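# Observations on the model geometry
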Amino acid sequence: MSANISFTFRVTGIEDGARARAVVEELRELMRDESIGRQVSIGIVPEGGGRVVTGGTDFPVSVSRADLWCPKFENDLAWYAKEAAPSAACAVEWSHPDEEH
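Attention here is on the structure that accompanies the text. Treat the numbers as computed from the prediction; the structure is a model and nothing was measured. (Residues numbered from 1 in each chain as written. Predicted model: local features only at pLDDT ≥ 70, side-chain atom pairs only at ≥ 80, totals over all residues. Heavy atoms only, no water.)

### Things to note about the pattern of salt bridges
Across all of its chains, the model carries four salt bridges by this definition. R19 is the salt-bridge partner of E15, the closest N and O atoms lying 3.5 Å from each other. Exposure remark for E15: the relative accessible area of 42% places this residue in the partly exposed category. According to the relative accessible area criterion, R19 is partly exposed, its value standing at 35%. A salt bridge links D76 to K72; the shortest N-O distance between them is 2.6 Å. One end of the pair is D76 and the other is K72, both in helix α2 (residues 66-84) and four residues apart, which spans about a single turn. Using a relative accessible area of 17% as the deciding quantity, one classes D76 as buried. Judged by relative accessible area, K72 falls into the partly exposed class, the value being 46%. (Salt bridge = Lys/Arg side-chain N within 4 Å of Asp/Glu carboxyl O. Buried < 20%, exposed > 50% of the residue type's maximum accessible area, 1.4 Å probe, protein only. Helix = DSSP H or I, 4+ residues; strand = E, 2+ residues; numbered from the N terminus.)

### Focus on the pairing of strand β4 (residues 61-64)
Side chains V61 and V63 of β4 all project onto a buried face; the interleaved residues S62 and S64 project onto a face where none is buried. Pairing between strand β1 (residues 2-14) and β4: four bridges, direction antiparallel. Bridge pairing in β4 places A3 opposite V63. (Pairing = 2+ DSSP bridges.)

Encoded structure:
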């Protein structure tokens, strides 16, 4: 069974602009691997002397077996971010538009 889901994410703990750009590239690769690259926006925001990578779905995406996919995606997001910035910390917020009334 598939579900329509939306998400936003923040990657903090990034030391500088070069690392932030590397995180963006890693996360774009993840989105391509998940076949949602055209449905997710990713950007860099200066914050507190460092950089934060933010992103999220532009509109809900349909995911099969979301109960399994969502936790795996969160783990993968953290792994990809840490590949570029070892001190990175990731947070993901999920929403389920079909369940919101």
